[in-house]
Amino acid sequence: MEERNYGIDMLRIVSMIGVMSLHILGHGGVLDHTRILSINYNLAWLLEVIAYCAVDCFVLITGYVTIHTKYKPSNLFLLWLQTEIYSIVIMLIFFVFFNVRDIKECITAFLPVTTTQYWFFSMYFGMMLFVPIINGFIINLNKKNFLILLFITVIFTLFSVVDGNVFELNGGFSMLWFVILYLWGGALYKIQCVHKFDLKLVKYITIGMILLTWLSKIVLENITLRLMGKARYGLLLIKYTSPTILIIGCGLLIIFSNIKCNKIIPLLRKMTPLVFSAYLLQDNKYIRKYFITDKFSFLATKNTFVMMLGVLFFAIICFVVGILIDKVRLYLFKKIELKKRIQLIEENIFSKII
């Protein structure tokens with residue numbers, strides 16, 4: 001069995017803090033309440049650009065680590081069960097203690113995947129159903145197939161700059177885009193098995209793409225504001241399907257996969273199984289509506305240092321609260337040996353089918 005790459009686990013944690021930051025900047029109202037093209041506006045969007053690849057990173061990571069491990073449907077089932085528990089429990093808490101009793105909303109809480117309550121997990125769940133087929137392509141990846149993947153990705157990403165919904169990519173909010181990300185995660189693993197990247201060059205390219213994405217927004221909005229009287233086209237490169245965002249995500253995957261973090265391995269072992277629940281908690285529709293939406297807009301009027309520090313501080317707080325709460329769920333799962341029981345059922349089913 002291949003040794004676990006704890007640099008990838010570190011990237012999971014950093015990416016989740018990035019997701020928390022995106023929600024505070026977006027749902028939290030920071031971006032909407034900064035004066036356009038002010039220093040706070042520009043630097044808030046720099047934080048947004050840096051964090052934007054976090055969603056892509058999670059799918060890239062899945063492709064990177066799943067390609068060399070045995071595919072187990074039980075793992076996807078446990079992730080679904082975890083999502084169900086958070087969706088239902090939070091709904092019940094608001095139903096009982098906060099008198100939030102919209103029947104339609106209550107029903108959808110029992111169907112978080114099919115109702116896309118957690119859009120990321122809905123796309124992720126669909127993608128994971130195809131993993132056995134996708135892995136076959138990656139395992140047999142050769143130069144020809146890699147060039148085909150590269151060509152398709154270039155076409156998709158460049159076209160998406162003009163129209164985010166081209167090929168039904170929906171700006172990255174689609175299972176198709178997740179499949180492409182998974183393919184790249186697996187491809188990068190295969191490439192790193194036979195080729196060592198120049199990490200210094202990768203770092204320069206990653207930083208360059210961050211600056212290019214950020215500056216494209218600032219420059220385009222400055223120009224259009226002067227010529228057209230309205231800031232436009234600032235989001236051309238700020239979408240999950242953007243070529244620059246994809247390159248940033250791939251760059252971070254390469255960089256973190258080569259990080260040696262022996263001193264914090266015990267901490268990473270404890271935190272990694274809890275990371276996903278930070279998202280399930282913060283992006284729950286009830287939590288988002290009553291505790292996140294416009295609740296951080298006050299940061300927009302603070303001085304630049306306080307604003308940037310505040311976004312990171314509250315992102316880390318959301319992350320820490322999420323993993324602390326999830327320790328209860330993990331403890332209960334272990335107490336009843338849920339994973340072991342489900343894997344046993346899985347083995348029995350497959351032994352009869354195959």
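Preceding block: the structure.
For clarity, every value in this text was computed on a predicted model and none was experimentally measured.

Cut-offs and rules
- Residues numbered from 1 in each chain as written.
- Predicted model: local features only at pLDDT ≥ 70, side-chain atom pairs only at ≥ 80, totals over all residues.
- Heavy atoms only, no water.
- Buried < 20%, exposed > 50% of the residue type's maximum accessible area, 1.4 Å probe, protein only.
- Helix = DSSP H or I, 4+ residues; strand = E, 2+ residues; numbered from the N terminus.
- Polar contact = N/O pair within 3.5 Å; in protein donor to acceptor, adjacent residues only side chain to side chain.
- Disulfide = S-S within 2.5 Å.
- Phe/Tyr/Trp six-rings, centres within 6.5 Å; stacked < 30°, edge-to-face > 60°.
- Lys NZ or Arg CZ within 6 Å of the ring centre and 35° of its normal.

Whenever I open this one, helix α14 (residues 285-292) confuses me. Can you help?
Because an α-helix completes one turn every 3.6 residues, residues spaced three or four positions apart along the sequence face the same direction. Listing the buried residues of α14 in full gives Lys285, Tyr286, Ile287 and Ile292. Measuring from the side-chain oxygen of the N-cap residue of α14 to the backbone nitrogen of Tyr286 gives 2.9 Å; that N-cap residue is Asn284. Backbone geometry just downstream of α14 places Asp294 in the positive-phi region, at approximately 60°.

What should I look at first to understand the state of the cysteines in this one?
Between two cysteines, a covalent bond joining their sulfur atoms is known as a disulfide. This model, assessed by the stated rule, comprises 0 disulfides. Lacking any disulfide linkage, Cys57 is separated from the closest cysteine sulfur, that of Cys53, by 4.1 Å. You can call Cys57 buried: its relative accessible area is 1%.

Would you explain the packing of aromatic side chains in this entry?
Any aromatic ring pair is given by two values, namely how distant the centres are and how the planes are angled relative to each other. Under the definition given, this model contains 27 aromatic pairs. Plain terms: the ring middles of Trp119 and Phe120 are 6.1 Å apart, the flat faces sit at 80° to each other, and that makes the pair edge-to-face. Of the residues examined, Trp119 reaches a relative accessible area of 18% and is grouped as buried. Given a relative accessible area of 9%, Phe120 falls into the buried group. Ring centres 6.0 Å apart and planes at 50° place the aromatic pair Phe121 and Phe276 in the tilted group. Pair noted here: Phe121 is in helix α6 (residues 119-129) and Phe276 is in helix α13 (residues 275-282), with a separation of 155 residues, a long-range link. Like Phe121, the residue Phe276 is buried in the burial classification. The ring of Trp45 has Lys217 sitting right over it, with the charged end atom 4.0 Å from the ring centre. For Arg329, the ring lying beneath its charged end belongs to Phe333, and the centroid distance is 4.8 Å.

None of the figures reported here should be taken as evidence of function without further support.
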